[in-house]
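Structure at a glance
What follows is each chain in one-letter form.
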Amino acid sequence: MTAMSDSIAQRVPPSPTPDPSTRPFWEAAKQGRLLIGRNTATGAFHYPPRPVDPFDDEGEVELVPASGRGTIYTFSIMRAKTPYAIAYVELEEGPRIMTNIVDCDFATLKVGQPVRLVFVKSEDGQPIPMFTPAG
Amino acid sequence: MSIRGKACIAGAYEHPTRKAGDKSTAQLHAEVALGALRDAGLTRADVDGYFCAGDAPGMGPLSMADYLGLDRLRHVDSTDIGGSSYLAHVAHAAGAIALGRCDVALITLAGRPRSEGQATGTAPRAGNPAQPDVQFEYPYGAAIANMYAMCARRHMHEYGTTSEQLAWIKVAASHHAQHNEHAMLRNVVTVEEVLASPLVADPLHRLDCCVISDGGGALVVVRPEIARSLGRPVVSVRGAGEAVKHQMGGRLDLTYTGARSSGPRAFEEAGVTPADIKYASIYDSFTITMLMQLEDLGFCEKGRGGAFVADGNLISGIGRLPFNTDGGGLCNNHPANRGGITKVIEAVRQLRGEAHPAVQVPNCDLALAHGTGGSLGTRHGSATLVLERE
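Calculation rules
- Residues numbered from 1 in each chain as written.
- Chains lettered and ligands numbered in written order.
- Predicted model: local features only at pLDDT ≥ 70, side-chain atom pairs only at ≥ 80, totals over all residues.
- pLDDT = per-residue confidence, 0-100.
- Pairing = 2+ DSSP bridges.
- Helix = DSSP H or I, 4+ residues; strand = E, 2+ residues; numbered from the N terminus.
- Expected span 1.5 Å × (residues − 1).
- Buried ≥ 20, exposed ≤ 12 C-beta atoms within 10 Å, placed from the backbone.
- Arc of directions from axis to C-beta.
- Contact = placed C-beta atoms within 7 Å.

Under an unreviewed UniProt entry, the name given to chain B is Thiolase domain-containing protein, and the organism recorded is Roseomonas indoligenes.

Following this line, the structure appears as structure tokens:
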């Protein structure tokens, strides 16, 4: 882990407060899956997942696991006491989702870089979906 | 039906304070209210419409109406689209006046984030868990500065925009702020100084960020006959546009702002084009905010904002588009972390010919004021006004 010069201390994220509609999402995260919304009629994906589709009036929303592969759409290194990389990652399925890039050398991050899904435990132990450089 | 020519801004007042440790937020609202009414030559007894947003303590307009002693109200509006609220309020007031719902509308904003020690731009905010986005953003450390920084990074990637070009926006603001005795930052800065300031959230430096200030501002919007009777230069509302932009369920595009929609709506109603505008107040929470809105409002081709702002093109008396001649949020004032009302106030000064002589635009008869509220990196309101001197 010598390459982590800029990110030796790993930020422990605060925990989310699930609501009745998002409990399946956070439960799946505990099993290592990132769920996204898919419209049963149109097949269109959305994120964050919600019970009522944001695009179309027809169809139902089903929660499906994302492949976990994506690319960095944009990012910023927050120069906090414990610096962290916040990003939007474009999933293979299409949605661009807010996340963190972890276990990486901040200086080498690039827009367009391939990343893969990992989970980082938050303050109360709830795993949070994040990404790390692929390969 | 159009609001074009249906209402005028008769009063505008910016609180001179930038640190108000000895005042309450409600008191600041009251002080700016009286300041704007005095500026208009009107009194509280004339006010029959009141507009405020989320910075006003209490339930919508109720606590403020009570505190201010407004007892003739027949129209209220507490639309809250962040810092762009007050530009929307001007448009809503014009609409209400056109419909006969009120004759004299008071709009107030005030807050004291500086005295309250808020790490406004850099601290992630937990927010209300019922807000559906919070659980998908708070764990990642989403803060105001890094959301705008991600817009800057993507703009750089798509269009080749540079940190040097962004720095020119701060340089121009500082050239203007040196003439404003109330501005928080009055020193003229160089591109090199902006780039040498510490990174807050890559690629944004500290000097790419606006100030954190206490204070406030108020506006008085009236029926045109009333405005013409007050013996002051008449500033008429010629066009207005509003828009909301968000993450679109993951079909996010951080390269443009809501100004792409609100701007053309305002220009269409006003019957003018960006080339007609003599002066522009454009929200500048960060340098990138200004650059993206400038493009979306149509002052230059999309993606060419960097080249447009470089080499002093925004400096009054030097460049093609004088902007934020009070020093803007970048140098002058950003009361309550909401920049909208000060944008309208400086546009009114310019149209009346009452800006500082060193930055006054000659024969300024048509101006634009534009605000963004919320975050360009997630969801935001956008409001544009075209104002003219009769």
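1. Section: the confidence of the model for chain B
Scored by pLDDT, chain B has a mean of 97; 100% of the residues are at 70 or more. In the predicted complex, the global pTM is 0.97; the interface-specific ipTM is 0.96.

2. What about the sheet that holds strand 2 (residues 45-46) of chain A?
Residue and element names in this part refer to chain A. Read from one edge of the open sheet, three strands run 2-1-3, paired in antiparallel fashion. The outermost strands of the open sheet, each flanked by one partner alone, are strand 2 and strand 3 (61-65). Across two bridges, the pairing between strand 1 (residues 35-39) and strand 2 is antiparallel. By the bridge assignment, R38 is partnered in strand 2 with F45.

3. Topic: helix 8 (residues 259-270) of chain B
Residue and element names in this part refer to chain B. Taking 1.5 Å of rise per residue, twelve residues should cover 16 Å, and helix 8 covers 16 Å from first to last C-alpha, within 8% of that figure. Every buried residue of helix 8 is accounted for by A259, S262, G263, A266, F267, E269 and A270. On an axial view of helix 8, the arc spanned by its buried residues comes to 165°, and they lie on one face. Those residues of helix 8 that are buried lie in contact with strand 8 (235-245), helix 9 (287-296), strand 10 (366-374) and strand 11 (380-389). The first or second residue beyond helix 8 is G271, which carries a positive phi of 70°.

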